[in-house]
Amino acid sequence: MSLPTTREWQIAVGGLIVLIGVALVPFFGSGYVLSLTVNIAMYTVLCTAWAMFSGPTHYISLATAAFFGIGTYAVGLGLETLPFPVLVLVAGACAAALAAVVGIATLRLSGVYFVIFTLGLAELVKQVVTWWQTNFTTSVGLYVFTDFREQHILWMLLGLAALVFITSWAISRSKLGFAMRIIGNDETVAKHVGIDTARAKVLLFVISGAFIGMVGAILAPRFAYVEPPSAFNTMISFQVVIMALLGGTNRIWGPLVGVIPFTILMDQMTAYFPNHTPIVIGLAFLAIVYVLPHGVTGLMADLGKLRKRFKLVAANAGEGA
Amino acid sequence: MSIIITGLLLGGAYALIAVGLTLQYGVARIMNLANGENLVLACFCTFWLFSTLAINPILGILIVAPAAFALNWAIYSYALRPLVKRARTRGALEVDSILATFGLLFVFQGVMILTFGGGYYSYNFLRVPFAIFGENYALNRVVAFGAAVAVAIALYVFLYRTRYGTAIRAVAVSPESAQLVAINVPRTSAFAFALGGGLTAAAGALLSTFYTFDASMGVIFTMKALIIVIMGGVGDVRGAVLAALLIGLTETAVSSLIDPGLTVAANYALFMLVLLVRPQGIFGRSNA
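## So, the overall build of chain B
- When helices and strands are counted, chain B shows 11 helices and 4 strands.
- A compact globule built from 288 residues would reach a C-alpha radius of gyration of about 19 Å, and chain B, at 18 Å, matches this within 12%.
- Counting only C-alpha atoms, chain B reaches 55 × 45 × 35 Å along its principal axes.
- In chain B, which comprises 288 residues, the share counted as buried stands at 55%.
- When contacts within chain B are restricted to residue pairs at least 6 apart in sequence, long-range pairs at least 24 apart make up 77% of them.
- Within the structure as shown, chain B displays about 11900 Å² of accessible surface, and the carbon and sulfur contribution to it stands at 67%.
- Side-chain charges in chain B split into 16 positive and 9 negative, and the spacing between the mean points of these groups amounts to 14 Å.

## Examining the overall build of chain A
- When you go through chain A residue by residue, the secondary structure sums to 16 helices and 2 strands.
- Relative to a compact globule of 321 residues, whose C-alpha radius of gyration would be 20 Å, chain A shows 21 Å and is just as compact.
- Each principal axis of the C-alpha atoms in chain A carries an extent, and together these give about 85 × 55 × 45 Å.
- Looking at the 321 residues of chain A, the share that counts as buried comes to 49%.
- Contacts spanning at least 24 positions in sequence make up 80% of the contacts within chain A whose residues lie at least 6 apart.
- Counting every atom, chain A has about 15300 Å² of accessible surface; 69% of that belongs to carbon and sulfur.
- Separation of charge centres in chain A, based on 17 positive and 12 negative side chains, amounts to 11 Å.

## A closer look at the layout of surface pockets
- Approximately 800 Å³ is the volume attributed to the second largest pocket.
- If you trace the second largest pocket, you find 28 residues lining it, with A:Glu123, A:Thr234, B:Ser216, B:Met217 and B:Ile220 closest to the centre.
- By residue number, the principal contributor to the lining of the second largest pocket is helix α9 (residues 218-232) of chain B, which donates 5 residues.
- Partitioned by chemical class, the residues of the lining of the second largest pocket number 16 nonpolar, 8 polar and 4 charged.

## Here we look at the interface of chain A and chain B
- The interface of chain A with chain B comprises 39 residues on the first partner and 42 residues on the second.
- Around 3400 Å² of area is buried between chain A and chain B when both sides are counted, 81% of it from carbon and sulfur atoms.
- Between chain A and chain B we count 0 salt bridges in total.
- Taken together, the connections running from chain A to chain B amount to 8 residue pairs in polar contact (both at pLDDT 80 or more).
- Only α5 (84-106), α6 (111-119), α7 (121-136), α13 (234-247) and α15 (277-290) of chain A provide two or more residues apiece to the side of chain A that touches chain B.

## Here's the deal with the packing of α5(A) against helix α11 (residues 197-223) of chain A
All names here are of chain A.
- Close contact between α5 and α11 brings their axes to 7 Å; oriented N to C, the two are set at 140°. Taken together, the axis directions place α5 and α11 in an arrangement best described as oblique. At the point where α5 passes α11, the crossing takes the right-handed sense. Of the residues in α11, those in contact with Phe84, Val88, Ala91, Gly92, Ala95, Ala96, Ala99, Ala100, Val102, Gly103 and Ile104 of α5 are Val202, Phe205, Val206, Gly209, Ala210, Gly213, Met214, Ala217, Ile218 and Pro221.
- Considered class by class, the residues forming the contact of α5 with α11 number 17 nonpolar, 4 polar and no charged.

## Overview of the confidence of the model for chain A
- Put simply, chain A has an average pLDDT of 85, and 98% of its residues get 70 or more.
- Averaged over each element, pLDDT in chain A is lowest for helix α16 (residues 295-320) of chain A (76) and highest for α11(A) (91).

## Considerations on the environment of A:Ala49
- Here A:Ala49 is to be found in helix α3 (residues 31-57).
- A sequence separation of 15 residues divides A:Ala49 from A:Thr64, and the C-alpha atoms of the two residues are 9.6 Å apart.

## Here we look at a nonpolar patch on the surface
- A surface patch of nonpolar side chains, about 680 Å² in accessible area, is lined by A:Leu16, A:Ile20, A:Leu24, A:Phe27, A:Phe28 and A:Trp155.
- By the element assignment, A:Ile20 lies in helix α1 (residues 6-23).

## Things to note about the pattern of salt bridges
Residue and element names in this part refer to chain A.
- For the structure on display, the rule yields 6 salt bridges over all chains.
- As a salt-bridge pair, Glu8 and Arg173 come within 3.1 Å of each other at their nearest N and O atoms. Here Glu8, found in helix α1, pairs with Arg173, found in helix α8 (residues 150-173); they are 165 residues apart in sequence, far enough to count as distant.
- With a relative accessible area of 23%, Glu8 lands in the partly exposed category.

## Looking at the pairing of strand β3 (residues 135-138) of chain B
- In this structure, strand β2 (residues 129-132) of chain B lies alongside β3(B), joined through 4 bridges in antiparallel fashion. Looking at the pairing, B:Phe130 lines up with B:Tyr137 of β3(B).

## Thoughts on the confidence of the model for chain B
- For chain B, the average pLDDT comes to 84, and 97% of its residues sit at 70 or higher.
- Mean pLDDT values over the elements of chain B span from 71, in β2(B), up to 90, in helix α8 (residues 185-207) of chain B.

## Some details on α15(A)
- In a regular helix each residue adds 1.5 Å, so 14 residues correspond to 20 Å; α15(A) covers 20 Å between its end C-alpha atoms and thus fits that length.
- Most of α15(A) is tucked away, with 11 of its 14 residues classed as buried.
- Of the positions making up α15(A), those classed as buried are A:Thr277, A:Pro278, A:Ile279, A:Val280, A:Ile281, A:Gly282, A:Ala284, A:Phe285, A:Leu286, A:Ile288 and A:Val289.
- Lining the buried residues of α15(A) we find α13 and α14 (254-272) of chain A together with α3 (57-86) and α4 (90-116) of chain B.

## Some details on empty space enclosed by the protein
- A full pass over the atoms with the stated rule returns 2 cavities of 30 Å³ or more.
- Of the voids in this model, the largest cavity is the one considered here, and its volume is about 80 Å³.
- At the level of secondary structure, the elements contributing two or more residues to the lining of the largest cavity comprise α2 (35-53) and α3 of chain B.
- Considered class by class, the residues forming the lining of the largest cavity number 6 nonpolar, 4 polar and no charged.
- What the second largest cavity holds in volume is close to 30 Å³.
- Ranked by residues supplied to the lining of the second largest cavity, first place goes to α13(A) with 3 residues.

The rules we used
- Residues numbered from 1 in each chain as written.
- Chains lettered and ligands numbered in written order.
- Predicted model: local features only at pLDDT ≥ 70, side-chain atom pairs only at ≥ 80, totals over all residues.
- Heavy atoms only, no water.
- Helix = DSSP H or I, 4+ residues; strand = E, 2+ residues; numbered from the N terminus.
- Rg over C-alpha atoms; globule rule 2.2 N^0.38 Å.
- Buried < 20%, exposed > 50% of the residue type's maximum accessible area, 1.4 Å probe, protein only.
- Contact = heavy atoms within 4.5 Å.
- Areas by Shrake-Rupley, 256 points an atom, 1.4 Å probe, with all protein chains shown as cover.
- Lys, Arg positive; Asp, Glu negative; His and termini not counted.
- Charge placed at Lys NZ, Arg CZ, Asp CG, Glu CD.
- 1 Å grid on protein atoms, 1.4 Å probe; cavity = no way out; pocket = protein on both sides within 12 Å on 5 of 7 lines; lining within 4 Å.
- Points joined across faces, edges and corners; volume = space filled by probe spheres on them.
- Nonpolar A, V, L, I, M, F, W, Y, C, P; charged D, E, K, R; others polar.
- Buried area = accessible area lost by both parts, 1.4 Å probe.
- Salt bridge = Lys/Arg side-chain N within 4 Å of Asp/Glu carboxyl O.
- Polar contact = N/O pair within 3.5 Å; in protein donor to acceptor, adjacent residues only side chain to side chain.
- Axes fitted to C-alpha atoms, helices over the stretch in contact; angles between N-to-C directions.
- Parallel < 35°, antiparallel > 145°, perpendicular 65-115°, else oblique.
- Left-handed = near helix turned anticlockwise from the far one by under 90°.
- pLDDT = per-residue confidence, 0-100.
- Patch = residues over 30% accessible without salt bridge, like charges linked within 9 Å, V, L, I, M, F, W, Y side chains within 5 Å.
- Pairing = 2+ DSSP bridges.
- Expected span 1.5 Å × (residues − 1).

Right under this line is the structure:
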């Protein structure tokens, strides 16, 4: 690994300034703006963590809700025995463990098995948790009472966001990231040059799952009362896929471009047209496939290339004249 | 004994859904995640035909299945064929078709929620006891199973005893080679996709006679059907039928012996087993 370039330093400093700016929102914005900012921060971390795995591999993971819910439950169950920061780490470890099981079972095989497995994963974990709570504990649901308020959740999320971006960047420069790019381009080639493809994929899926679990843990105090249907909300999985792909996964900050507009749109939809949300989600998926197959950042990159070509053509024409 | 019979009766409807999906994925190469919505739509249409025009649900299949056939043909030709054309590899087509059918899933679901609301539906059709080996079962389940068997036999004869059926199986094995023996692959793919949709709709019509349905239950059925398809081996109709009966049995056994809330867990346990022991499916041949 070489040292970061000047350009990367510039991006890092710019990112830090944005983070600090967002961290100041609680002092100026209204309650509504603050809660919207928390949502945006939450989806930013979720989508970036999702894209870490699904971007290079092109495997559509729908396990987000399962990891998120496990993180939330880890906090609900351990709140009385362990301090909160430790619980966040425990949540990450639990989600990572689940990711490892799913990954080892499916990622040795073709991508379809993986998608199918993750499709019902949240439902599976939800059923098991509900069954276990109704049979072995006194109530279905847990109270999460903490002293944290919206701004504390926001600050924790921003810290995690910084961590996700740095991890993503470090991976993309490491041997693992290089291996993933080869796997994404052609898995057979990757196997032939001696990459343990299954191991690389499982490892990346575990890292991505751990981050999602930690987001669930940080968000737990916001729920106050955690029960299976709200913790394992499958819509989170689908929304993360849409936002990440709308933005594009070929840049680390790509998902962000999708997160901000779509979070605001969804917020308005659930407030004014709750029954129309599925249609909007469906249209968003169709738009991704038919209009923006590489996301907004991909489109911008294509346009950039096109403009360069035009300039070249214009320059050549000028020389000829 | 009652678990085995209830399980088999449930497995009959699952078999039709899974056979529909295996045709769509195995022949047309489209991973159709909106298949469950197709099923739910058929449930609602059968219910609507029964409650407003008093059309018998079993006869309703004759209306619902051809309608679904036409709808799926249109979906394939207008929405999915462009994806097949632009896909450079099988993997790229898989990602595109998964995302596109997610889109269809939510659009269908949204339209159904707007039309019928989010409530639960069921209706009264042949809700009378019927004795098998001295124990009583609901007649509507038995009739639905009988109808499913009839449809499955008709399909088997079509696929294995007619020229067009053989062409469909040829495309499932290898689209490139099928072209060499003068099979119109795009047309056959569209036909298989539409046929799969029609079969799923038939399953929906049968399911609605004994099952309480709602607009958002489609995903669970898609997932079950997918697990069945993988268990049976992709594109393998006989494997799908056997796997469906197995899933029906395990689900019924788990829900009556342990807890009715653990059916998805039961599906996953079987799925895990298949992935670890025989990822190519019960009848599938190993590629490696």
